[in-house]
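Here is what each chain is made of, one letter per residue.
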Amino acid sequence: MRTDILDYLQQDVYSRCTKPTNRFGMGCYYHIEAVVKNGELLAEKYGADKEIVMIAAWLHDIASITDYALYEDHHIHGADIAYDLLTELSYEQDKIELVQKCIKNHRGSKKTDKNSVEELCVADADAISHFDSLPSLLYLAYKERDMDIEKGIEFVKGKLERSFNKLSPESKAYYKNKYQQVMSVLNQ
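The sections below set out a description of the structure shown in this document. Please read these numbers as outputs of a predicted model, since none were measured by experiment. (Residues numbered from 1 in each chain as written. Predicted model: local features only at pLDDT ≥ 70, side-chain atom pairs only at ≥ 80, totals over all residues. Heavy atoms only, no water.)

The space that makes up the largest pocket amounts to roughly 1,200 Å³. Along the wall of the largest pocket there are 33 residues; nearest its centre are F24, Y71, H130, L140 and K159. For the lining of the largest pocket, the class distribution of residues is 11 nonpolar, 13 polar and 9 charged. (1 Å grid on protein atoms, 1.4 Å probe; cavity = no way out; pocket = protein on both sides within 12 Å on 5 of 7 lines; lining within 4 Å. Points joined across faces, edges and corners; volume = space filled by probe spheres on them. Nonpolar A, V, L, I, M, F, W, Y, C, P; charged D, E, K, R; others polar.)

Here we come to unusual backbone geometry. The backbone of S90 shows a phi angle near 60°, a positive value even though the residue is not glycine. Structurally, S90 is set in the loop between α5 (74-88) and α6 (93-104). With a phi angle near 50°, D146 is a residue other than glycine that sits in the positive phi range. Relative to the helices and strands, D146 is located in the loop between α8 (134-144) and α9 (149-166). Residue D146 is classed as exposed on the basis of its relative accessible area of 67%. (Helix = DSSP H or I, 4+ residues; strand = E, 2+ residues; numbered from the N terminus. Buried < 20%, exposed > 50% of the residue type's maximum accessible area, 1.4 Å probe, protein only.)

Here the focus is α6. Between its terminal C-alpha atoms α6 stretches 16 Å, which fits the 16 Å expected from 12 residues at 1.5 Å a residue. Restricting attention to buried positions, one finds in α6 the residues I96, V99, Q100, C102 and I103. Buried residues of α6, viewed axially, fall in a sector of 160°; they line one side. (Expected span 1.5 Å × (residues − 1). Arc of directions from axis to C-beta.)

A separate point is the side chain of D61. Here D61 is to be found in the loop between α3 (50-59) and α4 (62-66). Engagement of the side chain of D61 in a polar contact is seen with the side chain of H60, the distance being 3.1 Å. In this structure, D61 is in contact with H31, I32, H74 and H106, ignoring residues within four places of it in sequence. (Polar contact = N/O pair within 3.5 Å; in protein donor to acceptor, adjacent residues only side chain to side chain. Contact = heavy atoms within 4.5 Å.)

Geometry only, nothing functional implied.
Here it is, written out as structure tokens:
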């Protein structure tokens, strides 16, 4: 396990998230951190290469936090940034390619084939991470979008429902209780 790279990426992502140019604020860091944690769990559960999954998880939104203009195609730009960073860190080229594929195919809103268990782990970890960063979603609804209580709750519930529905069938079964618990809190 290349803990040197994982430690570097955690610090680099944190640093990028603290910059005023990051339009997503620190909530994005907590989202990425949740993707890493869920990715690690899913890698263990599905027998994926944990190192690839965790590195890709740290880098999956790197383009968005670096330059908001890259947001629409952040999965493509992020793979390019990952290549440059990982090459500088002397990571093996064949592993860089696997990380890039995970980043390119992590978005549930873009219909792409997940050709490896590592790609599936990163995509599912990204989708489920919204359940771990509920305060960020509430902040987005109430502070950034100035919604009233009812509209904010519906916005957050809709986001979480879409995220849950993006999961693979195996991960839906694995995270069903988490989904039900969070939704029951929002339905009160």
